[in-house]
Amino acid sequence: MVGLGYDVHRLAEGESLILGGVRIESPIGTVAHSDGDVLLHALCDAILGAAGLGDIGEHFPDTDTKWKNADSTRFVTAVVEMITEQQLQLVNVDVTLVLESPKILPYKQQMRSTIALLCGLPEQRVNLKATTSEKLGFVGNKEGVQAYAICQLQELR
Ligand code: MG
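Residues numbered from 1 in each chain as written. Predicted model: local features only at pLDDT ≥ 70, side-chain atom pairs only at ≥ 80, totals over all residues. Heavy atoms only, no water.

Trainee: Help me understand the sheet that holds strand β1 (residues 2-13), please; the structure alone is not making it clear to me.
Mentor: Each strand in a sheet pairs with its neighbour through backbone hydrogen bonds, running either in the same direction (parallel) or in the opposite one (antiparallel). Pairing in this open sheet of 5 strands is mixed, and the strands run β4-β1-β7-β5-β6 from one edge to the other. Among the strands making up the open sheet, the edge pair consists of β4 (28-31) and β6 (126-131). Within this sheet the neighbouring strands show an average axis-to-axis angle of 30 degrees, counted without direction. As paired strands, β1 and strand β7 (residues 144-155) are joined by 9 bridges and run antiparallel to one another. If you follow Asp7 over to β7, its bridge partner there is Ala147. Strands in contact with helix α3 (residues 73-85) are β5 (88-98) and β7; relative to β5, the strand with the most contacts, it is inclined by about 150 degrees. (Pairing = 2+ DSSP bridges. Helix = DSSP H or I, 4+ residues; strand = E, 2+ residues; numbered from the N terminus. Axes fitted to C-alpha atoms, helices over the stretch in contact; angles between N-to-C directions. Contact = heavy atoms within 4.5 Å.)

What follows is the structure, given as structure tokens:
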């Protein structure tokens, strides 16, 4: 089974920027109820999608104070537990971050290993891509950040 995830968050000055579970040095960060980790949110939706389990908003509603400033690594861990209960396991994940700045190259390896650990996958089964929006649109204007994720699941043997 395959699943697709997408997320976007607004960026503002003075907010923290956490992507793929890694805190990024940046004057602008995501505005969100949780820690605003757009990459992990897209990843959760991809996994939930592949398992036919709905979306992240249904499982972790932003109206619930329980998830206020929540560390999004908890969402991924919870989602991986959900699929395990369904006798499913991840095969691979592939994520794309669309962000104008800052450059995340110095953080990429740490993000990849963090995602691999959360997903219980070897690093070769976790791919992380980053691109800018060529200064076009809300990402290009540094008003927001986008992430896409896709994953494959298989039955647990
Ligand atoms: Mg989100």
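Trainee: Mind showing me how you'd approach the coordination of the magnesium ion here?
Mentor: The expected angle between donors at a tetrahedral four-coordinate metal is 109.5 degrees. At an octahedral six-coordinate metal it is 90 or 180 degrees. In this structure, Asp7 (OD), His9 (NE2) and His41 (ND1) serve as the protein donors to the magnesium ion, at separations of 2.1 to 2.2 Å. Donor residues binding the magnesium ion come from one chain and are separated in sequence as D-x1-H-x31-H. Linking Asp7 in strand β1 with His41 in helix α1 (residues 38-51), this pair joins segments that are 34 residues apart in sequence. In terms of burial, Asp7 and His41 fall into one category: buried. (Donors = N, O, S within 2.8 Å, 3.2 Å for Na, K, Ca; no water. Buried < 20%, exposed > 50% of the residue type's maximum accessible area, 1.4 Å probe, protein only.)

Trainee: So what exactly am I meant to see when it comes to the nonpolar core here?
Mentor: In summary, soluble globular proteins display a tendency toward joint burial of nonpolar side chains. Core analysis: the biggest nonpolar cluster contains 50 residues, and Leu19, Leu43, Leu90, Val93, Leu97, Met111 and Ile115 have the highest contact counts within it. Those elements that provide at least two residues to this core are β2 (17-19), β3 (22-24), α1, α3, β5, α4 (105-119), β6 and β7. Per-element accounting of this core gives the leading share, 11 residues, to α1. In contact with Val93, not counting residues within four places along its chain, are Leu43, Ile115, Cys119, Leu121, Arg125, Val126, Asn127, Ile150 and Cys151. (Core = buried A, V, L, I, M, F, W, Y, C linked by side-chain atoms within 4.5 Å.)

Trainee: It is not clear to me how a nonpolar patch on the surface should be interpreted in this structure. Could you clarify?
Mentor: Together, Tyr6, Val8, Phe138 and Tyr148 line one region of the surface with nonpolar side chains, adding up to about 340 Å² of accessible area. Note that Tyr148 resides in strand β7. For Tyr148, a relative accessible area of 36% corresponds to the partly exposed category. (Patch = residues over 30% accessible without salt bridge, like charges linked within 9 Å, V, L, I, M, F, W, Y side chains within 5 Å. Areas by Shrake-Rupley, 256 points an atom, 1.4 Å probe, with all protein chains shown as cover. Salt bridge = Lys/Arg side-chain N within 4 Å of Asp/Glu carboxyl O.)

Trainee: Help me understand the pattern of salt bridges in this model?
Mentor: Close approach of charged atoms lets side chains of opposite charge pair. As enumerated under the stated definition, the model contains 1 salt bridge in all. When the shortest N-O distance is used, the salt bridge between Asp94 and Lys129 registers 2.7 Å. Residue Asp94 is located in strand β5, and its partner Lys129 is located in strand β6; the two are separated by 35 residues in the primary sequence. On the basis of relative accessibility, which here comes to 23%, the residue Asp94 falls in the partly exposed class.

All quantities given are derived from atomic positions and should not be read as evidence of function.
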